Structures are given as structure tokens and as C-alpha cells.
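Listed here are the chains, written in short residue letters.
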Amino acid sequence: MDETEKELLKVGADAVIGPVKDVINRLFGPFADELGGLMADPIRMWRYQRSLKLFEKVARLSAARGIELKPVPLKTMLPILEYASVEEDEDLHNRWANLLANSAIDSDRVRPFFPDALRQLGPTEASLLDYMHDVNMAFVKESFSSMQKLREEELKVNSFHRILESYEQIIGAGPPIGMDAFTMPHTEGCLATLDVLMALGFVKAIPDPNVDSPTHFSYRTTALGAQFVETCRTPEY
């Protein structure tokens, strides 16, 4: 590539960055010029188109809620840009935008581990974690006459069978028919999804003392999982 071609590419990159330049300046602080340089690399250009869409979403969130954006630590910013730039699923891409926005509001809320965790989630894992978090948040608001009653209800609302029902809705599976009602064909997929969430520390299993089988366990989100879900949701400030 000769100097003329490089200059034309840089001009094109500047034109693309223009609409979100203010957001980039606020998020990157003194490192903003470095992004412009990366945009001039033709090999990376297409990935940064996705990153620019990320900035546009953050800009809309900031404008809609009157949020003041602050520079994000590079330890958090760079992996978010890296992974969001290859995310094709729109729902997951929105989560990246929310994670970045929350980082720009209060970087202490977003653990450096969270970008790598989000990278490892597909749409199914993310949606099931959302469901489990919402169930747990609703449950803790209820009151019970005794600890025994609380324990019994907790095992019910977090039972594998209820989680499996949600999993089947998420993947678009119809109600089981015939022998499927007994064999539960989506059990393995649901357990594998739970394994991913448990490996990340977002979900924990509550064994049944009477039956040593994962399909008889209960599963609930951890404090870490709850924090992760909240930082991947639209900022509420």
C-alpha cells in the first residue's frame, strides 16, 4: 500500500469515526488517537465497524439518561472492544454496549473478569442466566413463615425441571410429545448450559440429599452471577 492509499484510508476512517468521536474521546481519554490509527489498518477495518456500532449504542444510552461518561480503564476497555467487534448476535452485542456504559459510569462495578466471561456466553447461556437471576430476585422479596418453608420453596423455584422448561422456551423447543415427555430430550443441553454458567462462577448447584442426580438438583445464581447480569443490563441511574 503506497502513501496515497494509506492517506485515503485514513480519511475514510476519520469520516466513519466522526459521528461517535465525542464518545470515543470521553471513553478513551488520552488514548483516543490510538483508535484512529487502528481504524486505518485495512485488515481490522471491518471489525471496527462493529465497534463503532457499540459506541453509537453507548452514546444513545448516555443521551437518553443524561449519563456522564468517564474514561474506562484499558484493562476493561480493550477486551470489550476486542470481543464486541466479532459479536454477530444483536442481543449479545447490546450486552457489550451495556457493559461498556456501566464501566464508563462506575468502573468499580465492572470486574476485569466480566468481558472474558461475556465472551464465553452464547445467546442460550445468557438468556438462561437472565431467567435464573430474575427468579432469584423475585424469590428474595417474598416472606415465609419459617426457614423450613423458605428452603422448600427455594428448592421448588430453582428446581432443574423449572429451569429445563425455561431452557426449552429459550431454544424454541415445543412441548414434549409422546415418549419425549418421559425422556426429556433437552436435558443434556440444559445441563451443559448450566455447566458453562457454573464454570464461570455465576450459578451454583444445590444437591438433593435424597437423590444424587443433577436432574434432581436445584440451581441458583451466585452473588457474582447477579452482579454480572446487572452490569450487562441497561444502566439504571
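Calculation rules
Residues numbered from 1 in each chain as written. Predicted model: local features only at pLDDT ≥ 70, side-chain atom pairs only at ≥ 80, totals over all residues. Heavy atoms only, no water. Helix = DSSP H or I, 4+ residues; strand = E, 2+ residues; numbered from the N terminus. Buried < 20%, exposed > 50% of the residue type's maximum accessible area, 1.4 Å probe, protein only. Areas by Shrake-Rupley, 256 points an atom, 1.4 Å probe, with all protein chains shown as cover. Phe/Tyr/Trp six-rings, centres within 6.5 Å; stacked < 30°, edge-to-face > 60°. Lys NZ or Arg CZ within 6 Å of the ring centre and 35° of its normal. pLDDT = per-residue confidence, 0-100. Contact = heavy atoms within 4.5 Å. Pairing = 2+ DSSP bridges. Polar contact = N/O pair within 3.5 Å; in protein donor to acceptor, adjacent residues only side chain to side chain. Salt bridge = Lys/Arg side-chain N within 4 Å of Asp/Glu carboxyl O.

## Section: the overall build of the protein chain
Point 1. A tally of helices and strands in the protein chain yields 13 helices and 2 strands.
Point 2. Expressed as a percentage of its 237 residues, the buried residues of the protein chain come to 41%.
Point 3. For the protein chain, the computed accessible surface area is about 12,800 Å², with 54% contributed by carbon and sulfur atoms.

## Observations regarding the packing of aromatic side chains
Point 1. Under the defined criterion, the tally for this structure stands at 8 aromatic pairs.
Point 2. On the basis of an interplanar angle of 55° and a centroid distance of 6.1 Å, the ring pair of Phe 113 and Phe 114 is categorised as tilted.
Point 3. Accessibility expressed as a relative area gives 0% for Phe 114, which makes it buried.
Point 4. Cluster of aromatic residues (ring-pair linked, three or more members): Phe 113, Phe 114, Phe 202 and Phe 228.
Point 5. The lysine or arginine in question, Arg 119, covers the ring of Tyr 83, its NZ or CZ lying 5.1 Å from the ring centre.

## Considerations on the confidence of the model for the protein chain
Point 1. Scored by pLDDT, the protein chain comes out at a mean of 82, with 76% of its residues at no less than 70.
Point 2. This model gives residues 4–12 a pLDDT under 50, and the stretch forms 6 contacts once residues within four places in sequence are excluded.

## Quick look at the pairing of strand 2 (residues 218–221)
Point 1. In strand 2, alternate side chains face the same way, and those of Ser 218 and Arg 220 on one face and Tyr 219 and Thr 221 on the other are all buried.
Point 2. Note: strand 1 (residues 203–206) against strand 2, 4 bridges, orientation antiparallel. The partner of Val 203 across the bridge, within strand 2, is Thr 221.

## Some remarks on the environment of Asp 116
Point 1. Summarising the element assignment, Asp 116 is placed in helix 7 (residues 114–119).
Point 2. Note: C-alpha distance between Asp 116 and Ile 80 (36 residues apart in sequence) is 8.3 Å.
Point 3. Here the side chain of Asp 116 touches Arg 119 through a polar contact of 2.9 Å, side chain to side chain.

## Comments concerning the pattern of salt bridges
Point 1. This model, assessed by the stated rule, comprises 11 salt bridges.
Point 2. Note that Asp 91 is salt-bridged to Arg 95, the shortest N-O span being 3.0 Å. On the criterion of helical spacing, the pair formed by Asp 91 and Arg 95 is a turn pair, its members being 4 residues apart in helix 6 (residues 90–105).
Point 3. The class of Arg 95 is buried, set by a relative accessible area of 10%.
Point 4. What you see here is one network of salt bridges that share partners, running through Asp 91, Arg 95, Asp 130, Asp 134 and Arg 233.

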